[in-house]
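A closer look at the structure
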Amino acid sequence: MSDQPGTNKINKQADLLVVNHLKKYFPVKTGVLKRVSGHLLAVDDVSFSVKSGETLGLVGESGCGKTTIGRTILRLTEPTAGSVNFDGKEVFDLKGDALKALRRDMQIIFQDPYASLDPRLRIGNSVMEGLEIHKIGNKQDRYQMAVDMLKKVGLEDYHSRRYPHEFSGGQRQRIGIARALTLKPRFIVCDEPVSALDVSIQSQVLNILKDLQDEFGLTYLFIAHNLGVVEHISNRVAVMYLGKMVELADRDELFRSPLHPYTQALMSAIPIPNPKLKRERIILKGDVPSPLNPPTGCRFHPRCPIAVAECALKEPPFVEKKPGHSVACWLA
Amino acid sequence: MFQFIARRLMLLLPVMLGVVLVTFMIVRLIPGDPCVTMLGERATPAKCEAFLDRYGLNDNIGVQFVRYLQNLIKGDFGDSIRFTRPVTTLIAERLPLTMELTLLAMIFSTTVGVLLGVISALKRNTFIDTITMIIANIGVSMPVFWLGLLLAYLFALTLKGTPLSLPPSGRFSAGLSPIDLAKFWGLENLSGLKFFLVELMSNTVLVNVIITHDWKLFWDALRHLILPAVAVGTIPMAIIARMTRSSLLEVVGLDYIRAARAKGMVERRVIGKHAMRNAMIPIVTIIGIETGGLLSGAVLTETVFNLPGFGTGLVAAILARDYPVVQGFTLVIAVIFVLVNLVVDISYAYLDPRIRLE
């Protein structure tokens, strides 16, 4: 394969993936007749881009639409509106063979390592399957490629004949990574790849992801709810709240000077490994409102510690306040 | 694997002992005695005494039980009080029909049930799904004898004279009967196990037709079995359909299905290769349980469709207080039940690599 380390640095400024006004509404059906009574606004008008070779962290609470964004980009869920452009191709317009070809370039790593591997397939077959689907090489080549990939994630060739239940959570997650990588994709959605793992295993998996990124010049969309993990792996970080993107900036910039009150609240919740250090915590009032019927204006205003009257009326636009630092807040 | 099967077969012994003990006691607890049913209300006490003596029913119950067990070990199930023929002969005559009925009902309920379940899972929350599940719910709540009568009415009366008409009763059309394999092979004076096996094979149409190539008999028997098989197989069919639907829906939501789609696999293969194979485990469990249920459902079906099978034979034996027949038939059903479960357990190992048979 023609993956040269270093190409990622050259392409650092080029956008590999551009997401424009992406919307995903899930219809909510009620009653005997299953009439659509409303929509769940999982992703509501989100735009961002991912540069070639970078890792974009995507954080937010459960249910804010992070996973839906990842799945919609990969066409595992069909979008309601908007567009996704991957390397010049309109992802939502592709069909049949063109879509199949695109799937080689975009892969996904799942959150739950216990649900992401078919319990009836030997892991060698799981890893090889993508190659079979795309008819790459002969049986021997495919097996060799699968074994090579397993070795890259720290497993041995004899592991390929075993079944998923014979592995630990961390090992399974590495198998999931190997499976995503056998097709030599350029872009990978990492959907909370470490949140189901023990803390001691998390760093191991994160380091493998980083090493592979360097080796193959991968681009990651890294979805997580753990800010510490995101800070460790990301180049840029996007924050979501209730289907909307509220802030997007370079990692250091975001962690140093968060502009959105929601981001500030999240930051203040990161534990600091120093018992003597005291700081003020921003405690958010109430729960996340239902995405079925989100608040008017700024969606964060009912819980926002600094909200003003205007916030409830008009929705703040997502604009660049500083170079490379966008935020959706009237007061930022 | 071999060891596992051997051990499970060994476990059959205590199960059989328990079944024998319980049925032995229970049939003797039923009020009434064989003398009255056989010799009539007006039998004199002296005659009754002689009758009971002849069948050894006057002895202490413990003595009777031990004697029965000793005979069982020799393969002697005793003689029917009512027919004065060996119970084994009755088994060889009546068991094949019920086995064929169960097999056909199982084929019907599994294929139709899995098909309906898959369709309704893939078309979840659509009109098709609703209709399919309504059919399944009606199927579950439909009594076997009622469905049997309705089917007989529809196919034997309403559709009479059309190509769709099916016979509503009996095992064969008048004048047809399976060729006796003992005669076919020119064997004479068979006895014991050999006789039993040849009789069993003679009466099993499926086996008989393979040996004698009497296809006319085969199609005739099959036509007679369709309505009973559908009647007795409808409840399991509906249960299997519902189980397939929920099991498949559960699997389809898992990440490895999404992973297969993300790799670019065609949807049909995703369902066939990844989803169905994993959804099969609970379905196979249900199929095993329902096969046992079919044996008991056969009693009603055989009555409705006037089939000389195991179920009707057992009921008649209970009513006549024909102790040896009740005991023998129950024992055979228990053994079949255990064997079906063994097959289910072996199939688990094939379906689920997490299960090792050791």
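Above this text is the structure in question.
Since the structure is predicted, the reported quantities are computational estimates derived from the model, not experimental observations. (Residues numbered from 1 in each chain as written. Chains lettered and ligands numbered in written order. Predicted model: local features only at pLDDT ≥ 70, side-chain atom pairs only at ≥ 80, totals over all residues. Heavy atoms only, no water.)

Observations regarding the overall build of chain B
As a reminder, the rule being used: Each helix corresponds to a stretch of at least 4 residues labelled H or I by DSSP, and each strand to a stretch of at least 2 residues labelled E; elements are numbered beginning at the N terminus. Only protein chains enter the area calculation, which uses a 1.4 Å probe; residues under 20% of their type maximum are buried, those over 50% are exposed, and those in between are partly exposed. Here, residues are in contact when the closest pair of their heavy atoms is within 4.5 Å. We get accessible surface area from the Shrake-Rupley algorithm with a probe of 1.4 Å; when it comes to residues, only the shown protein chains can shield them. The convention is simple: Lys and Arg are positive, Asp and Glu are negative, and His and the chain ends are not counted. Charge positions are represented by NZ for Lys, CZ for Arg, CG for Asp and CD for Glu.
Of regular secondary structure, chain B possesses 15 helices and 0 strands. For chain B, the spread of C-alpha atoms along the principal axes amounts to about 85 × 55 × 45 Å. Counting only residues that meet the buried cut, chain B has 46% of its 358 residues in that class. Of the contacts made within chain B by residues no fewer than 6 positions apart, 75% connect residues no fewer than 24 positions apart. When the accessible surface of chain B is split by element, carbon and sulfur atoms take 69% of a total near 18300 Å². In chain B, the 31 positive side-chain charges and the 24 negative ones have mean positions that sit 9 Å from each other.

A closer look at the environment of Ser246 of chain B
Residues and elements named next belong to chain B. As a reminder, the rule being used: The definition of a polar contact used here is a pair of N or O atoms within 3.5 Å, where within protein one atom must be able to donate a hydrogen and the other to accept one, and adjacent residues in sequence count solely through side-chain atom pairs.
Here Ser246 lies in helix 11 (residues 215-252). For Ser246, a relative accessible area of 38% corresponds to the partly exposed category. At 3.2 Å, the side chain of Ser246 forms a polar contact with the backbone oxygen of Met243.

Looking at the packing of aromatic side chains
Between two aromatic rings, the relevant description is the distance of the centres plus the angle of the planes. To keep it simple, the criterion reads: For this analysis, a ring pair means two rings from Phe, Tyr or Trp (six-membered ring only for Trp) whose centres lie within 6.5 Å, classed as stacked if their planes differ by under 30 degrees, edge-to-face if by over 60, and tilted for the remaining angles. Two limits define a charge over a ring: the Lys NZ or Arg CZ must be within 6 Å of the ring centre, and within 35 degrees of the ring normal.
Counted according to the given criterion, the structure contains 10 aromatic pairs over all chains. Ring geometry for Phe24 of chain B and Tyr68 of chain B: centres 5.9 Å apart, planes at 35°, overall tilted. Remark: Tyr68 of chain B occurs in helix 4 (residues 61-73) and Phe24 of chain B occurs in helix 1 (residues 2-29); sequence separation between them is 44 residues. Taken together through their ring pairs, the aromatic side chains of Tyr241, Tyr262 and Phe300 of chain A make up a single cluster. Stacked on the ring of Tyr350 of chain B, the Lys or Arg Arg120 of chain A has its end atom at 5.5 Å from the ring centre.

Things to note about a positive patch on the surface
Inclusion rule: Within this analysis, patches are made of residues with over 30% relative accessible area and no salt bridge. Like charges are joined at 9 Å or less; nonpolar side chains (Val, Leu, Ile, Met, Phe, Trp, Tyr) at 5 Å or less. One speaks of a salt bridge when a side-chain nitrogen belonging to Lys or Arg is within 4 Å of a carboxyl oxygen belonging to Asp or Glu.
Taken together, the side chains of Arg122, Arg161 and Arg162 of chain A together with Arg356 of chain B present a region of like positive charge at the surface. Of note, Arg161 of chain A is situated in the loop between helix 5 (139-152) and helix 6 (169-181).

Brief notes about the interface of chain A and chain B
Facing 29 residues of chain A, the contacting portion of chain B comprises 21 residues. Remark: the boundary between chain A and chain B carries 2 salt bridges. Of the charged contacts in the structure, one is a salt bridge between Lys273 of chain B and Glu129 of chain A, with a shortest N-O distance of 2.9 Å. For the pair chain A and chain B, the number of links is 13 residue pairs in polar contact (both at pLDDT 80 or more). When contributions to the side of chain A that touches chain B are tallied by element, the ones reaching two or more residues are helix 3 (96-105), strand 6 (106-109) and helix 4 (123-133) of chain A. Per element, the largest residue contribution to the side of chain A that touches chain B is 5 residues, and it comes from helix 4 of chain A.

Spatial relationships are all this shows, so hold off on functional conclusions.
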